[in-house]
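Read off the chains here:
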Amino acid sequence: MKENDMARDDFNAELYKALLNQNANKVKELCGDSPDRAMHRLTIHNDTVLHLAIYSKQVDLALSLLEDQLPAELYQKMTQVNGNGNTILHEVATLHDERSISLAEKILERAPDLLSITNNLGESVVFQAATYGKEKIFKFLVDKVSVPDNDEAWLPFIQRKDKTTILHIAILTHHFALVTMSGDFTVYGNIIQDTKDDTGSLTCLAKCGEVLDQKKKSSALELAKILVNEDTSWKLTSSNMDLDRARPHKYKVNVPSTHETGGSSQQQVEEESITPLFIATKSGCTEIVKEILDKYPQAVEHIDCEGHNILHMAIKYRQLEVFNLVSQMEVPMRWLVRKIDKEGNSILHMVGKKREDYLPERIKGPALELQEELLWFERVKSVMRRHMVHHRNNKNVSAESLFASTNEALRIRAVEWLRHTSEGCSVLAVLIATVAFAAAYTIPGGPNQSTGFPVLLSQPLFLVFTGTDVLSLTFALSAVVIFLSILTAPFRLIDFKNSLPNKLMFGFTCLFLSISMMMISFSATIVLMISSKQRWTKIILYSLSFFPVAIFALAYLPLYLSLSQTLEYLVNKLIQGFKYYRLSFLSKETQNTSYPIEHQPQSSSFTRHNPEREESCSLDATQTSHSSV
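What comes next is a walk through the structure. Keep in mind it's a predicted model, so treat the numbers as computed, not measured.

Analysis parameters
- Residues numbered from 1 in each chain as written.
- Predicted model: local features only at pLDDT ≥ 70, side-chain atom pairs only at ≥ 80, totals over all residues.
- Heavy atoms only, no water.
- Helix = DSSP H or I, 4+ residues; strand = E, 2+ residues; numbered from the N terminus.
- Buried < 20%, exposed > 50% of the residue type's maximum accessible area, 1.4 Å probe, protein only.
- Contact = heavy atoms within 4.5 Å.
- Areas by Shrake-Rupley, 256 points an atom, 1.4 Å probe, with all protein chains shown as cover.
- Salt bridge = Lys/Arg side-chain N within 4 Å of Asp/Glu carboxyl O.
- Arc of directions from axis to C-beta.
- Axes fitted to C-alpha atoms, helices over the stretch in contact; angles between N-to-C directions.
- Parallel < 35°, antiparallel > 145°, perpendicular 65-115°, else oblique.
- Left-handed = near helix turned anticlockwise from the far one by under 90°.
- Nonpolar A, V, L, I, M, F, W, Y, C, P; charged D, E, K, R; others polar.
- Core = buried A, V, L, I, M, F, W, Y, C linked by side-chain atoms within 4.5 Å.
- Phe/Tyr/Trp six-rings, centres within 6.5 Å; stacked < 30°, edge-to-face > 60°.
- Lys NZ or Arg CZ within 6 Å of the ring centre and 35° of its normal.

A count of helices and strands for the protein chain gives 28 helices and 0 strands. Within the protein chain, the proportion of its 629 residues that are buried is 44%. By sequence separation, contacts in the protein chain at least 24 residues apart represent 75% of the contacts at least 6 residues apart. Carbon together with sulfur atoms contributes 56% to the accessible area of the protein chain, which is approximately 34200 Å² in total.

Okay, here's the thing in structure tokens:
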């Protein structure tokens, strides 16, 4: 018995080596010596020779084994599975070879039952092809499935034991073309409609949308359009009871719970997980959000079990594109900005409630990260009603206080980062200023002993040396002053919005220019001192002189680009301010124009349609109500 086992092991070792070396003739010769021929079990995981030939992508060998080494009496053994439960057709479903379809045809001619056999995970050969994204073999296998066109008959082919469907697996592996390459969706049945829970197809697509490359986004968006048509998860919403009454004091108002006003809908919302609309919002998949809102504009009113609407989610997860998209919907924005969640938080409170795993889009310094948070606060505040800005939540905390406490640690890190950066740059600027100042009194070529004027005064490059040296000194001293102003700043929270980032940007600009001017001055001096007038010498010297400038520019370019956003923001604010004052000036001119009595504007009409007046009246009414209480 032991000798037989040893002989079998030696035989398997020889056959295995032949497969590894792709020695087809040796493999066929050895298979002829086995009673099971091509279905001989070769590995400790019960892989047959055909399993390994197909797995190692030796398609010609597999076709030859089917023809020559698999007689009719062994066809029943073709349904053998390996340790993972995979048949030889499961291995064919992973091939991208053009001949994989002909190989699958020959296998199914001999063993048609392989089409319905599933592995240990419950995956059919159709599911296996979808997992590996093999479009041609997938379509071939789907066409070969001969079952009635109903969901129950198709389910074993398109869903495995853990309820994962081929839609899920196609989305998770980014093989969207498997779904969109054909207009016939009978094969998918009602699994397209499973969009209401955490494992829904549209939910999976929304989660992976932020990591897609540009090439796959078009097919993903096409799939999203199909899934959005079937998604109605936004219908299950929490109560939209108007809880937006401003409460700037510490006394709470008892509000009836949602269960008291009709709890069946709320119970459904709590049982359901987060919807694809909110998943796409959290993930920043703006294309899916836009697709849902284009198809069902009323979905923008969806509220989750915590009382959050789409603005709450977009602000909490810092999704600016989604925020801007919703902000353009003028009518819904009138009540979306007033919504308060179950903890009493307005959308302005959400600026101070960052997710724990939040990271900025690019790695920035703490000061720039804090500036981004402050800009978010101002952005959200600009769309809020005036009387809602000072609203306090259930913990008696205003949005401004919550924002300050949440970002206190970030402010401390920002202060330290700014101080260290400014100190280092100040030292560098002082050194450059010292060198530039000394260079002004050690002119190249020296002075003329009789006249006292520089010997090289008539040379054009001498003017270049003088001008760049003066500019280098000027920019260096300016940088020193700017960085000293940063070091002596009070570092208030509001200073990080514009003042400190602007100073840092201008300081870096002056420092960069001073280094550049100093290197130009240096190269001009060297060229003046060289007696040779060959052109190549000048080119080499100028090139080498800019090497430190290039290193400085590359090292600080990302930071400088981040700081330039501050300048862009200021320019936009200046343009808006100019437009506002221009409109105000024109309106004053219009009012000063003399009208006939019968054409004079009615003051009551103006008051009735003035939104600022409405907000003022609303705030006065609220305060009167609190006083009476």
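Pairs can form between side chains of opposite charge once their charged atoms are near each other. Summed over the entire model, instances satisfying the criterion amount to 14 salt bridges. Among the salt bridges present, the one from Glu67 reaches Arg110, with a minimum N-O distance of 3.7 Å. Of the two residues, Glu67 is situated in helix 4 (residues 59–68) and Arg110 in helix 6 (residues 100–110); the sequence distance between them amounts to 43 residues. For Glu67, a relative accessible area of 44% translates into the label partly exposed. Among the residues examined, Arg110 registers a relative accessible area of 16% and is labelled buried. Salt-bridge contacts for Glu408 lead to Arg411; the nearest nitrogen and oxygen are separated by 3.2 Å. Here Glu408 and its partner Arg411 are both found in helix 22 (residues 408–440), 3 residues apart, which amounts to about one turn of the helix. For Arg411, a relative accessible area of 22% gives the class partly exposed. By sharing partners, the salt bridges in this structure join Glu67, Lys106 and Arg110 into a single network.

Moving on: the environment of Ala414. Here Ala414 is to be found in helix 22. Separated by 44 residues in sequence, Ala414 and Leu370 place their C-alpha atoms 7.3 Å apart. When near neighbours in sequence (up to four residues on either side) are disregarded, Ala414 contacts Pro366, Ala367, Leu370 and Phe496.

Buried within helix 6 are the following residues: Ser100, Leu103, Ala104, Ile107, Leu108 and Arg110. One side of helix 6 holds all its buried residues, which, seen down the axis, span an arc of 160 degrees. Turning to helix 6, the residues buried within the fold contact helix 3 (49–55), helix 4, helix 5 (88–92) and helix 8 (135–144).

How two helices pack is summed up by the angle between their axes together with the distance between the axes. With their axes 10 Å apart at the nearest point, helix 4 and helix 6 run at an angle of 25 degrees to one another. Here helix 4 is positioned roughly parallel relative to helix 6, judged by the angle of their axes. Of the two possible hands of crossing, helix 4 and helix 6 adopt the one that is left-handed. Of the residues in helix 6, those touching helix 4 at Val59, Ala62, Leu63, Leu66 and Glu67 are Leu103, Lys106, Ile107 and Arg110. Residues of the contact of helix 4 with helix 6, tallied by class, amount to 6 nonpolar, no polar and 3 charged.

Now for the nonpolar core. Counting 134 residues, the largest nonpolar core has Leu89, Leu103, Ile107, Leu141, Leu205 and Phe496 as the members making the most contacts within it. Broken down by element, the residue count for this core peaks at 8 residues, all from helix 22. Setting aside residues no more than four positions away along its own chain, Ile107 makes contact with Ile54, Leu66, Met78, Ile88, Leu89, Val92 and Leu114.

A full pass over the atoms with the stated rule returns 4 aromatic pairs. Centre to centre, the rings of Phe483 and Phe508 are 6.2 Å apart; their planes meet at 80 degrees, and the pair counts as edge-to-face. A residue pair is termed long-range when its members are at least 10 positions apart, and Phe483 in helix 23 (residues 460–487) and Phe508 in helix 24 (residues 499–529) qualify at 25 residues. Exposure class is identical for Phe483 and Phe508. Each is buried. Over the ring of Trp376 we find Arg379, and its NZ or CZ is 4.8 Å from the ring centre.

All of the buried residues in helix 2 (residues 24–32) are Val27, Leu30 and Cys31. An end-on view of helix 2 places all buried positions within 100 degrees of arc, on one side of the element.

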